[in-house]
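Inside the fold
Below, each chain spelled out in residue letters.
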Amino acid sequence: MDQKAAKPASDLEKFRSYLGLLVRRRLDGRLQGKLDASGVVQQTLLEAHQGFSDFRGSSEGELAAWLRRILIRNLTDEARKLDAGKRNLHRERSLEQAVEQSSANLMAWLAQVQSSPSQQAVKHEQLADLISALAHLPEDQRTAVELHHLEGCSLADVAEHMQRSKQAVAGLLFRALKRLRELLSVENEGER
């Protein structure tokens, strides 16, 4: 692979966890278990790599938005396949809104008053580090964090969704946040 082709591939690969998070958070009950989230992410990255020459942006934020559009198209296509060709415009719009909302929730979780390009770059790095750290959590802890902190669900709603007691969910959140702090501090120490 030549160096020019390697650059887009490495630029895109760092978005794998981010896209996976968006898919996990936005698969409705009808699609969960029927759709391979990692396959949709892989297809999205493949299409983005093949069409990288069509990307007209210059920032990581623009690249993330471009990837979200490809992801939404792929999720919509997969949902259509499951419905054997029946088109549901309401579901397609709600899927698009849901993915965009998840992305906005992620950015809001890291929101700070930052306006300079260097501060925005730091925020994107923090987001990438957070998403990477989330991917290293056990599934139940990751789900609890995503529902409570990224989706804004109450402890009771998370407990109901996960079919656990509120105390069990609180324990999951405590252990998850402790582990996230450890993972993020290791990453930050590695950069020094």
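**Description of the overall build of the protein**
- When helices and strands are tallied, the protein shows nine helices and zero strands.
- When the helices and strands of the protein are listed from N to C terminus, the series reads α-α-α-α-α-α-α-α-α.
- Residue burial in the protein is summarised as follows: out of 192 residues, 38% are buried.
- Considering only contacts in the protein between residues 6 or more positions apart, those separated by 24 or more positions represent 65%.
- Summing over all exposed atoms, the protein offers an accessible surface of approximately 11,200 Å²; the carbon and sulfur share of this is 50%.

**Observations regarding the pattern of salt bridges**
- One pass over the structure, following the stated rule, counts five salt bridges.
- The closest approach of N and O atoms between Arg179 and Glu182, which form a salt bridge, is 3.1 Å. A residue pair is termed a helical-turn pair when its members lie 3 or 4 positions apart in one helix, as Arg179 and Glu182 do in helix α9 (residues 166-191) at three residues.

**Describing unusual backbone geometry**
- The residue Gln163 is not glycine, and still its phi comes out positive at about 55 degrees.
- By the secondary structure assignment, Gln163 is in the loop between α8 (155-162) and α9.

**Side note on the nonpolar core**
- Within the largest apolar cluster, 40 residues are counted, with the highest numbers of intra-cluster contacts made by Leu12, Leu63, Trp66, Leu67 and Leu134.
- Elements with a contribution of two residues or more to this core: α2 (16-26), α3 (37-50), α4 (60-82), α6 (117-135), α7 (139-150), α8 and α9.
- Per-element tally for this core: the top contributor is α4, with seven residues.
- With residues up to four places along the chain from it excluded, the contact list for Leu63 reads Asp11, Leu12, Phe15, Phe52 and Phe55.

**Here's the deal with α3**
- Counted at 1.5 Å a residue, the expected span for α3 with its 14 residues is 20 Å, and the 20 Å between its end C-alpha atoms agrees.
- Turning to α3, its buried residues are Val40, Val41, Thr44, Leu45 and Ala48. One side of α3 carries all its buried residues, which in axial view fall inside an arc of 135 degrees.

Conventions we followed
- Residues numbered from 1 in each chain as written.
- Predicted model: local features only at pLDDT ≥ 70, side-chain atom pairs only at ≥ 80, totals over all residues.
- Heavy atoms only, no water.
- Helix = DSSP H or I, 4+ residues; strand = E, 2+ residues; numbered from the N terminus.
- Buried < 20%, exposed > 50% of the residue type's maximum accessible area, 1.4 Å probe, protein only.
- Contact = heavy atoms within 4.5 Å.
- Areas by Shrake-Rupley, 256 points an atom, 1.4 Å probe, with all protein chains shown as cover.
- Salt bridge = Lys/Arg side-chain N within 4 Å of Asp/Glu carboxyl O.
- Core = buried A, V, L, I, M, F, W, Y, C linked by side-chain atoms within 4.5 Å.
- Expected span 1.5 Å × (residues − 1).
- Arc of directions from axis to C-beta.

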